[in-house]
Every structure is written in C-alpha cells, then in structure tokens.
Amino acid sequence: MAKAYHDLVDVAEVSDANDLTISRARALFGAVCNHRDYTLIQMLRSPIEGRPTHEHLVVDVQSDQIPSRNPVGIQYLERLALRVPVDDKALIEVLALRKDFPVLLHQNRGNPGTPASLCLYFEPSVAVMRTWTPQAFLRRIQWWLESSAQSTLHPADQPVEQLFFTSKYELVLPWNLDDLRENPEVSLTVFAGTKRPDESFTCFLMPVARKYQGFKTVKHIDLRLPPIDHGLIERDPETLGQLADLLAARSVDMIGTLQTALRDGIGQKGAPGSSHEEDTVILLHVPIRRSANDEPDTIQCRAFLAQVGPLELGVACGALMKHENQYFKDLMNTQPATAWRGHTILPMEVLRQNDVALMRHQSGILAEGPTAVLIGAGSLGSALLKLWGRSGWGTWTVIDKDHIKPHNLSRHEAFAQHIGQSKATVAAVLHDAAVEGATRVRPIVADAYKAIHAGEVSAFTDASLVVDASTTLEYPRASSGIDELPRHMSVFVTPNGDAAVLLAEDSQRRYRLRTLEAQYYRALIQEDWGTTHLDGYGNTFWSGASCRDISLVMPYSRVLVQASTLAEQIQIAAEGQDAIIRIWHRNPANGIVDVHDIPVVPEQCIVLGEIMLYFDDGVVQNLQAQRQRGLPNETGGVLLGYYDFNIQAVVVVAGLPAPPDSQSSPALFERGISGLSEKVNDASTRTAGMVGYIGEWHSHPPGHSAAPSHADRVQLDFLARKMAEDGLPAIQLIVGENDLQIIQLNSVVNI
C-alpha cells in the first residue's frame, strides 16, 4: 500500500531533470519520456528548503482500453502526480489530480479534500520492490485505470475489502468467545502484554478469573454495528471523533451505540470510581457486504484503545454523570456531548485464537479424526501428539507410566520444569498451552500392557483407534489377543533413526499387530534393505544408575522427520480400511527416502496344548514353493520365528531353504549344516535378536500327504530333547501334496 498523502503545500518546481536528486525520480522521468501514453507536465520537489523528502512528476496518462462511457467515470485522459519518496524501499504514491475523480475500491484514504490515492498493489512493499521497474510501474497505473473502468479490479470471488489498514498493535480474542459471553459467571477483561522493541504490543481478552502476574488489565466494550458496504480502506483515526466521523460517512451511528454500551451494567445505585481502569478497549464488530442489496460476506473486527477509563468515557459521551465519586446513568441531559471527540485512540488488529475447526482448515485436514488412544508419550509419541494436536486431528487419550528425566529433554516435547512429572501429564499440559482448551488431551499415568493384561480396557471403550508408540513388544503382542479392543496401529523409529515403520491393522481387525510384526520380520530377513535396517542397537548411553537405564544415541532431528512422516501416514491409514506394513528408509546424507510396502496376508492359528502357534499364508506359500522347486525329491530346512511366553505363543516367521550339503531323494531328506549357522545368525542380526531357530520343516514327495512317517517321529523326538534343554517346545512342519501338518511331541495338527 502507498504511504499516506500529504498536501503539496511546501513544494518548489524543478525545471531541469538533471536537478532531480532522487534516483527513482530520475529513472521514472526517463520512462515517462519514452512512453507513448504518458506526457510529462511538471516536476516538483518538497520541501522548498533543505534536502527533499519527495519529488513529484505530474503526468497525463491515456489508455485506449478505457471505455468512453464507463459506469465509474474514469476518463480516457487522466492527470496524475507520481510522488516519489527518498526512501527507495517505499512505494511511489499515485495521486489523481482531477477534483471530481471517482471514489472507488482499491484507493488509499487520504485527508479530506486531498487527491485520491490509487492502491496499485496487493502485495507488501518489500515484495513489490523485489521486481519493480519504472516501465512496469507505468503499465501498472494503466492497468489500474483500465480495470477500474471495466469494473474488473475487484473480482466477485475476491474477499470484500477490510475496513482499516493493518496495525502493529493487536488484541487477541479467545477461541470460545461466544460461549464465554453467554456464561453469567464469567467476566471478560483485557490484559495488556509487554511492549516489543518497536513499541508495539499485544493485548488478550480473557476471563477475569485468569490471573496473569505483571499484566495490566483494561476494561473492554463490545460494539456490534450495522452492516456497511465495502469500499475504501480507511486510515486509522487518531481520536474518537475521527472514528465516529468516518463511520458516520458510512451511515453508522457509533456514538449512540457506545453510549448504550457504557450505560449497560450501571444500576440505580451507580458505580464507584476505580483508579485501576485508566484505559478502555472499544471492540467493533462490523458486518461487511458487497452492496446494500447483499447479505454480509463477513464480520470484521477492529479494536481501539482509548486512553480514558470507561466511567470517565461515559461522562465525556453524555452517557453517565459523576456525583461524589459515584457514576450514574445520565438520562436527563439533552445537550449533545462533545468532550469524547478529542480522546486519543490507538488502533489494534483483532486476532482470534484457533478453534479446532480452524486448526484443521489451516493444516489442510478435512477429517475430524478419531477418538483415539496414544500408548507412549516418549520421544516419538510426544512429537506425534504435538503434530496432531496443533492440527486439530483427533481427540486423544495418552497413556504412559514413565516420568520425565533429565536426559529425556534432548528428544522429548518437554522442558526443564517438567523433570519429575509424568510424561502423559506433561504431554497434556503442553497441548493445552498450545490450544488454550480448544481441544483436550486426557492423560493416564499407567502401564498399558499391565492394564489390558489385567482386563482393564475401560480407557479404550470410546476409542476407534489406538496408536502404539511405546517402542515395546509387550503391548502390541498382548493387544492382538483381545477382541474387545479397537483397531490398532504400531509405529516406531529404528535405533539409528534412519527408518520409520508403520504396522496398521485393518478396520475389522482381521490382521492383528502380532501377524504384521511377523511379516515385517520376514521382509527384513528376505529383502536386501533389511541388512542394515535395524543397525544402531550398539550405539547407546547410560542414562541412570540402573543396568536398565540405557538409551539410544540419536539426534532429535531424525525423530522429528520420521514423526512428521508417520503423523501424516497414520491420518491417511485411519481413513482407509486396509492393513498396512510400510517402511520408510531415509538417507541422512542427502535426505532421499525409499518406501517399502509389504503385502499383508492372513494369519493362521493352531492350538498346541497350552501354546498357540501362529503362522501366516506367506510362510505356507514360501514352503510350498520350495517343495515345488525340489521335486521329485523331498526338501526341507529350519523354521525361524520367536517364542513369547507372556502371551503363550510361538510365531513362525519363515522357513529357510535346504543347506547345500543336505541329502535329498524322493523317499528321504537329511538336512545338512553348511552355512546354516550363518543364515540363522543373519536372521537374528537383521531382526535385532527377535527371530531365531524354533524347529524344522520338510516336504513329502508327489502323491503323498503331510502325515508324519516313523522317521519323522524319530526326528521330532530327537528335536524335542534338544529343545527341552532350553525349556522350549519343538516344532516340526511337514508340507505334503495338498496339505500341511504341524507336529509337536504327542500331537499332530493337519491344515
């Protein structure tokens, strides 16, 4: 926007362009002389004495694109003054010198009786000056005249013009202002903030019950004005009288509305004087419409800080009278009051804290999100909660049993004053500090695994989603066995921080976290990228005296970059119905990310006494493929998986192929050992020790079922004795022509 116009009362003519001292004025002179549509009329400088602050080029400009009888009254030839400031970062002001120049949109409001100031640009001056040239500036003037004449300068889909220019002073309204006004137990007042280096400051409209030490309180008055048509953007008035006059010019009686508001709340006994209320904030609510026949497009708010207390302002306005330091309604005085007109006012931008809908809108999120539970408010969990909370996605309960320790501050959403407080509580407090109660996080200080293990699932009753960011195995494995729980997703960052993993159950929970974990391990064992996926477990530090107080060495930047990815992906997954196994590998040297999607297959379960054996169709398909490749001979190898006696389960992850020194024929298979130990160790290394040897598998030749032979039972007996040395059950799996059998000592299960 151009700077304010001042009357050219202290100007002198410049007869020679060589006498122009402002570089942009000289450049503009050259551009005018070379433009066929511009004619130079006169050159001026101001002030007369001393170094000039402005130089002016008075020009005639014509345009063939201006209709001869346009509805707004722009003429084919217009005389303008191009007012060039000495500040080369400020915009050049363009003044229409014709006295009957029309009042239009996109003009800067000047002082009464001064020429109209054309508002040429929508962008800030610093953005305009980045590419400004004299030639483009002259063309911009023609564009403004042509667009105004053709009534296209302000398109119908462009928002209505604001009433006032921006101000460096601010008043922040609470997000739930309407509800607070309806609450009879709440009284709102203004708290004045600390001045910034440029003398600006921010004020806050808050419930009176809130105490802010060191803040100055100010009485505020709401004025709801009738609708006005959008048009010129007004320059901020300096006094109440100027404010009333500019509103009166738009057919709005502000003083009458102000008098009514000042009398409100003054009873028959009057109101005692107060030495604490030295200022008054007048908050205007102004509906803005495009024309008198339209409904308002928006309600614009503007505040003014009057440097007078509300009771004294009431006296100045004729709304109140003062008697013995007591203020009463003045209903009898018919003489118009004028003392109020001279009171100075300070303009204030009116801002509003975000409600949850605005948070989502600003974040580009359409869905409200689920009622959800977050397990774990550690490094990753607290970052996820901050991202979702500030974007208004979801209504969250967070569960964590731990508290903040000093070393947590390097990677947690927490501060030094939170040391010793529970992580769940800190997460909730920080969320509220950001959103001021627009949404709430419910903290539960508890061990989620112990809670569901004991059958305590009330915290999940109303939830439709649970996100496990606990980085433990106990909770996701245990939750997989409880049908009453809602859909679960598990997320974690690998020890070196270079990868993130999302395991998401489908909406019907046909694929539980337990099988997604096993299928993820199989991908680590079989895919090239799995070689170094979980590297970094050795890079740790001692964070306390206990032997269990060990933490990973990892920069917080890696947590945040992975948390950002996971936060977005969980939002997308929550809207879908399918199960997901997805891994993101990021190269920290260049930021390149590779994504790996693992197809999810159904899980099967077999009861083996007190143990539940789980395997998925991927295991079966792989073993059947290995059998097919070995025909007509038998083949086999070792089974990889893991035991978890917390859930009384053994989970089959994969079957390794036969070692090269194995003996194989249509009637016999004897597994060899060449390279086998290395492969088992490699699987264990890739899965950070989670997967190891759990048993054997072999196939039967064509035309034979998976029924165990005498030799198979002998082998199982030997295997059972070896596994019993470690207290583990022995598992043998046989793949036949059309079936598959799991055999354990004294039991055979056909599949």
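Residue positions are given per chain, counting from 1 as you read along its sequence in written order. Thresholds applied to this predicted model are a pLDDT of at least 70 for local features of residues and 80 or more for the giving and counting of side-chain atom pairs; totals over whole chains, interfaces and linings are not thresholded and use all residues. Only heavy atoms go into the side-chain values, all of them from the structure, while hydrogens and water stay out.

Asker: Which residues make up the nonpolar core, and what are the values?
Answerer: In terms of nonpolar packing, the biggest core is built from 38 residues, with Leu 82, Phe 137, Leu 138, Ile 141, Trp 144 and Leu 145 touching the most fellow members. Helix numbers and strand numbers start at the N terminus; a helix is a DSSP run of H or I with at least 4 residues, a strand a run of E with at least 2. If you list the elements that add at least two residues to this core, you get α1 (23–33), β2 (38–46), β3 (54–62), β4 (77–85), β5 (93–96), β7 (116–118), α2 (125–129) and α3 (134–149). Remark: nonpolar core denotes a set of buried residues (Ala, Val, Leu, Ile, Met, Phe, Trp, Tyr, Cys) joined through side-chain atoms within 4.5 Å. Using a 1.4 Å probe on the protein chains alone, a residue whose accessible area is under 20% of its type maximum counts as buried, one over 50% counts as exposed, and one in between counts as partly exposed. Core analysis: the second largest hydrophobic core is formed by 34 residues, Leu 380, Leu 384, Trp 393 and Leu 465 among them.

Asker: Which residues make up the packing of helix α9 (residues 379–390) against helix α14 (residues 556–575), and what are the values?
Answerer: Fitted lines through C-alpha atoms serve as axes, helices being fitted only where they are in contact, and the angles separating the N-to-C directions of these axes extend from 0 to 180 degrees. Two numbers describe how α9 lies on α14: the axes approach to 9 Å, and their chain directions differ by 55°. Classified by the angle between their axes, α9 and α14 sit oblique to one another. The two elements α9 and α14 meet at a crossing, and its hand is right-handed. Side by side, α9 and α14 meet where Ser 379, Leu 380, Ala 383, Leu 384, Leu 387 and Trp 388 of the first sit next to Tyr 556, Val 559, Leu 560, Ala 563, Ser 564, Leu 566, Ala 567, Ile 570 and Gln 571 of the second. Every angle not falling under 35 degrees, over 145, or within 65 to 115 is termed oblique; those three ranges are roughly parallel, roughly antiparallel and roughly perpendicular. Crossings are sorted by hand: turned counterclockwise from the far helix by less than a right angle, the near helix makes the crossing left-handed, and turned clockwise it makes it right-handed. Should any heavy atoms of two residues lie within 4.5 Å, those residues are counted as being in contact.

Asker: Describe in detail the packing of aromatic side chains, supporting the description with residues and values.
Answerer: Classification of ring pairs uses Phe, Tyr and Trp, with its six-membered ring standing for Trp, and accepts pairs whose centres are within 6.5 Å; under 30 degrees between planes counts as stacked, over 60 as edge-to-face, and the remaining range as tilted. Following the criterion strictly, the structure yields 11 aromatic pairs and no others. Ring centres of Tyr 521 and Tyr 642 lie 5.9 Å apart, and the angle between their planes is 85°; on these two criteria the pair is classed as edge-to-face. With Tyr 521 in helix α13 (residues 513–526) and Tyr 642 in strand β31 (residues 636–644), the pair connects residues that are 121 residues apart, well separated along the chain. The burial state of Tyr 521 is the same as that of Tyr 642; both residues are buried. On the numbers, 5.9 Å between centres and 15° between planes, the contact of Tyr 643 with Phe 645 is stacked. Any Lys NZ or Arg CZ found within 6 Å of a ring centre and within 35 degrees of that ring's normal is scored as a charge over the ring. The ring of Tyr 614 has Arg 514 sitting right over it, with the charged end atom 3.9 Å from the ring centre.

Asker: Tell me what's going on with the side chain of His 431, and back it up with residues and numbers.
Answerer: Assignment of secondary structure puts His 431 in helix α10 (residues 423–435). The class for His 431 is buried, based on a relative accessible area of 9%. Beyond its immediate sequence surroundings of up to four residues, His 431 is in contact with Gly 389, Thr 439, Arg 440 and Val 441.

Asker: So, the sheet that holds β4: which residues are in play, and what are the values?
Answerer: Think of it this way: DSSP has to see at least two bridges between two strands before they count as a pair. Across the sheet, 7 strands lie side by side as β1-β2-β3-β4-β5-β7-β6; this open sheet has antiparallel pairing. This sheet does not close on itself; its edge strands, each paired only once, are β1 (12–13) and β6 (107–108). For β3 and β4, the ladder comprises 9 bridges, and the chain directions are antiparallel. Counterpart to Val 61 in the pairing with β4 is Glu 78. Against the sheet, α3 makes contact with β2, β3, β4, β5, β6 and β7, and its axis sits at roughly 135° relative to β4, the strand it touches most.

Asker: Kindly report on the side chain of Asp 498, identifying the contributing residues and their values.
Answerer: Inspection of the secondary structure assignment puts Asp 498 in the loop between β23 (487–493) and β24 (499–504). The exposure class of Asp 498 is buried, given its relative accessible area of 18%. A distance of 3.0 Å separates the side chain of Asp 498 from the side chain of Arg 558, its partner in a polar contact. Two N or O atoms count as a polar contact when they lie within 3.5 Å, although within protein this holds only if one can serve as hydrogen donor and the other as acceptor, and sequence-adjacent residues are included solely when both atoms are side-chain atoms.

Asker: Can you break down the environment of Leu 205 residue by residue, with the values?
Answerer: Looking at the secondary structure, you find Leu 205 in strand β10 (residues 202–207). Judged by relative accessible area, Leu 205 falls into the buried class, the value being 2%. C-alpha of Leu 205 to C-alpha of Leu 177: the two residues are 28 residues apart in sequence and 8.9 Å apart in space.

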